[in-house]
Amino acid sequence: MGRGKSDRVQRRRLASRSGKDPKRQGRPRDWYWEAYLERAQKRYRERSVKRRVKGEESESPDEAEWTFPLERKAKLHSIPRAEEKGDSDGETSGIFKVPKQQSRRPKIRFSLAPKLSRRWSQWSATGTRPRSSVINELAKMGDPDLLEMVEQEGKSSNRDITYSIQMSEFQKREQSKDSVFFRDGIRQIDFVLSYVDDIKKDSDLKAERRKEFELNLRKTGLELEVEDKRDSEDGRTYFVKIHAPWEVLVTYAEVLGIKMPIKESDIPRPENSPLRYMLGPVKLPQDVMFPRPEYFTAQFSRHRQELFLIEDEATFFPSSSRNRIVYYILSRCPFGIEDGKKRFGIERLLTSNTYSSAYPLHDGQYWKPAEPPNTVNERYSLYQNWARFSYFYKEQPLDLIKDYFGEKIGIYFVFLGYYTEMLLIAAVVGLACLIYGILSMDANESSTEICDPEIGGQMIMCPLCDQVCDYWRLNSTCLTSKLSHLFDNESTVFFAIFMGIWVTLFLEFWKQRQARLEYEWDLVDFEEEQQQLQLRPEFEAMCKHRKMNPVTKEMEPYMPLWNRIPWYFLSGATVTFWMALVVSSMVAVLVYRLSVFATFASFMESEASFQHVKVYFTPQIATSLSGSCLNFMVILMLNFFYEKISAWITKMEIPRTYQEYESSLTLKMFLFQFVNYYSSCFYVAFFKGKFVGYPGKYTYLFNVWRSEECDPGGCLIELTTQLTIIMTGKQIFGNIKEAIYPLVFNWWRRRKARTNSEKLYSRWEQDHDLETFGQLGLFYEYLETVIQFGFVTLFVASFPLAPLLALLNNIIEIRVDAWKLTTQYRRPVAAKAHSIGVWQDILYGMAVVSVATNAFIVAFTSDIIPRLVYYYAYSTNATHPFKGYVNNSLSVFLIADFPNHTAPSEKRDYTTCRYRDYRHPPEDDENKYLHNMQFWHVLAAKMTFIIVMEHIVFLVKFLLAWMIPDVPKDVEERLKREKLMTVKILHDFELKKLKENLGINSEAFSKQVLMEESKVQLAKSTI
């Protein structure tokens, strides 16, 4: 009833505009057609006048038509097939060469009611109303004789009109919301473009760009189908569905060098390990892990299609290869000449908002399997077996990920999974070291003496700041000394050496895993294949010069170095400036710590309410925690701004290939992130407390703030606090952002768009409402992982729990990334990659630096070396060798020697105070407050430890790298077998083809071939 009422209201409105009342007319078709024809004639007259005026004003030779760069490889598509002329978009490949004046004719959509243009094209697809299909085609071509045909068609009976409307509504309701096909139900949608036809000053320019772009897409052979905005959910968005027919796929599969199967492989899969039954709960079913059998493959050639295993042309190319081919065409398709330069590429159109989005479709809804006419829903399989958090302990279906998202995203998840597996070993060893620290805490002589009221309680320590701070007793740091022992004990040295070896094993075994992956995913020759095929469209558009490629002997775009030098200088200056900004922000945080420490100290001394918590919450702890939190917030803010600037600068450098673009951006981002995240940790580890001076002669920052001192037990516990806050905060913030951000934005976008729930919410509209993953989405995932790798390796000697925290984060990270890619993001365009790229070189660099940083942390930040020196050289107690170490490590200062500007304002009855250093006492007039011999012994021991540890770890690293082959032996054998079989299959195919072409006797030909092969073999053996 509601729908009938709305239809009647709409008819009255139309009638009122045309001056007729349906209640006074006997037949509703008369008033509808008269109103329609009036509007159509008016629009046609207005556009004709505008076209004539515009044509008289400017007729530039620059508007001459020019062809698509790769059109010469796809000439067979320029002639339309008969069955393609019924496309609902109404423009066939037969009109590609229409002159410009004809192409400007208005597109008059024939419709019996609102939305009926789409339904009548559905009738034409089924053959029920062939006459309306012809009218639709002519309408979209702008035929001026259409109006007479419309009048004749308008004389049809009212009963036929009503029947057509009812059947169209029925077909619309019956159509599956998850259909990934054109309206004919046969042609698969490979890509979708969307745009909003808004009324702005540049709307005509955008419309002209879209028209030229879509015309050129059809010239390449692509088939397009347009969904009118009246059929969209929001009533504003047009959708252009793109289908790549077989001829286009085979042409560009050859251009891109895509490998396709030629024969099922006879090489068995690797046998199950002996731990298969123990690891049963973490394994996935075989049909999920290996959804397709293995094949021998070869680069596709359209001239040798009989060689390949083509059972069904519609399913021969997987969906990832199809959308990769279409995107390759989209990124190089021209859309006009502006400012004397040719413009092309979907990215430019997206940037100028000519199109609002471009994306391939998901297979279907992730929460239910495929329904007819869809045959498969890999998205559902991925969600069920990979993206659910309840499967956090399961292995990943890597082949399924590769088939759906492409090799580039697949190899990221392979790396993340492998890294997580290796972290399990480091986490177990780190946890064991922590347990050792807990068990040995009561036996620690240093913390026992500090906590003893008779020893630590009687040691008066010098003030930690000038004037405001008071003297304090050593036993006030009892809790800190016990916590410090958890991470600063004998196992620290062992764990630092172990992690140096672990990093080497991690990288060497990753080489093997990567080599196995290249074989399994047919990526062995990928780099050589793709060198000339990855030119960025922006680079081609900006290049005015061309030079001959010495390898291919073809002319290619070329940009001289002097054109790039200014941008290189600007890039280097910007990166340097932002790194300096990071260092200055760290200094600002340091100034905050120095200035706030005195405030905390005086406040906690004066407030009686803090007296009972001073044992647990000292001014040192309060300053360290607040400073670390402030530093973390500064890190996040600087990251946000630098990401935008670095991406813009990299584009201005005009890199030649996508690989160069990513490498340049990676270098900029990593240098900045390295300084941003690690600068505060480097300060605490290697600078804090090292250049303090001594009472009466302290060093000052900017001659104002006194340098920070370490705790009597060392700075290791503060470094641990800093690492914990930054590492844990970054991981929690990153996971929340990755999970909540797309979820909230998708919900809000759907809420804004859903204006009429009765309209069809189609597959392309569902994907349109999802968040975009973006070309740099994977870049930020790698960057996050590499920064975490730095926390795990660079400072792991001070925080053995870092591998455990990273392990827990990665287990969650894998499922969060899987969930958001499967459910919250549009399907990314598939891309190939054979390795993790420049990130591998960064990991190698960090592995080398980590050996040095951990050696310096153990030597200079930890207290283990001074204790060992005392144990072997200065201890006098054979029963308890470490007894007296605390007293030995503290020097004595005469309070009377304090300058007036540093002495506490409140006078005390103390004569001396203690401070952490190895210096002569005030009684020694000749060497008063100079470093004593023990200081030099400890320094020599520290330097010796650094040299010995580095040499041992580097020696083991080089031995392991030499012993572990980059490519496993079984993979080498499989590669040789596959190459041999591929050559044999190609040889047999060419031989058979040659015999068929020549038509000669098979026996005589075989004998001749055997004789020739024998000669070749004899020649080889002679050589």
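Refer to the structure above for everything that follows.
Now for a description of the structure that goes with this document. No experiment lies behind these values; they were computed from the predicted model shown.

Turning to the overall build of the chain, a few remarks are in order. A tally of helices and strands in the chain yields 34 helices and 18 strands. Expressed as a percentage of its 1023 residues, the buried residues of the chain come to 50%. The long-range fraction of contacts in the chain, counting pairs at least 24 apart against all pairs at least 6 apart in sequence, stands at 77%.

Turning next to the nonpolar core. Within the largest apolar cluster, 120 residues are counted, with the highest numbers of intra-cluster contacts made by Trp502, Phe506, Tyr678 and Phe791. Looking at which element gives the most residues to this core, the answer is helix α16 (residues 407-439), with 16 residues. Ignoring any residue separated from it by four or fewer positions in sequence, one finds Tyr678 in contact with Gln673, Val786, Ile787, Gly790, Phe791, Leu794, Phe795 and Met846.

To continue, consider the state of the cysteines. In this structure the tally under the stated criterion is three disulfides. The partner cysteine of Cys462 in its disulfide is Cys913, sulfur to sulfur 1.9 Å. Handedness of the Cys462-Cys913 disulfide follows from its S-S torsion of about 85°: it is right-handed. Separated by 451 residues along the polypeptide, Cys462 in the loop between β9 (460-461) and β10 (472-473) and Cys913 in strand β18 (residues 912-916) bring together distant segments of the chain. Just as Cys462 is buried, Cys913 falls in that class too. One disulfide in the model links Cys465 with Cys469; its S-S distance is 1.6 Å. Here the disulfide of Cys465 and Cys469 is right-handed, its torsion about the S-S bond being about 100°. Like Cys465, the residue Cys469 is buried in the burial classification.

Moving on: the pattern of salt bridges. The tally for this structure, following the rule as stated, stands at 35 salt bridges. A salt bridge links Glu990 to Arg304; its shortest N-O distance comes to 2.9 Å. Here Arg304 lies in the loop between β5 (295-299) and α11 (313-316) and Glu990 lies in helix α33 (residues 969-998), a separation of 686 residues in the sequence. What makes Glu990 partly exposed here is its relative accessible area of 35%. Between Glu709 and Arg706 there is a salt bridge, and its shortest N-O distance comes to 2.9 Å. Of the residues examined, Glu709 reaches a relative accessible area of 26% and is grouped as partly exposed.

What counts as what
- Residues numbered from 1 in each chain as written.
- Predicted model: local features only at pLDDT ≥ 70, side-chain atom pairs only at ≥ 80, totals over all residues.
- Heavy atoms only, no water.
- Helix = DSSP H or I, 4+ residues; strand = E, 2+ residues; numbered from the N terminus.
- Buried < 20%, exposed > 50% of the residue type's maximum accessible area, 1.4 Å probe, protein only.
- Contact = heavy atoms within 4.5 Å.
- Core = buried A, V, L, I, M, F, W, Y, C linked by side-chain atoms within 4.5 Å.
- Disulfide = S-S within 2.5 Å.
- Salt bridge = Lys/Arg side-chain N within 4 Å of Asp/Glu carboxyl O.

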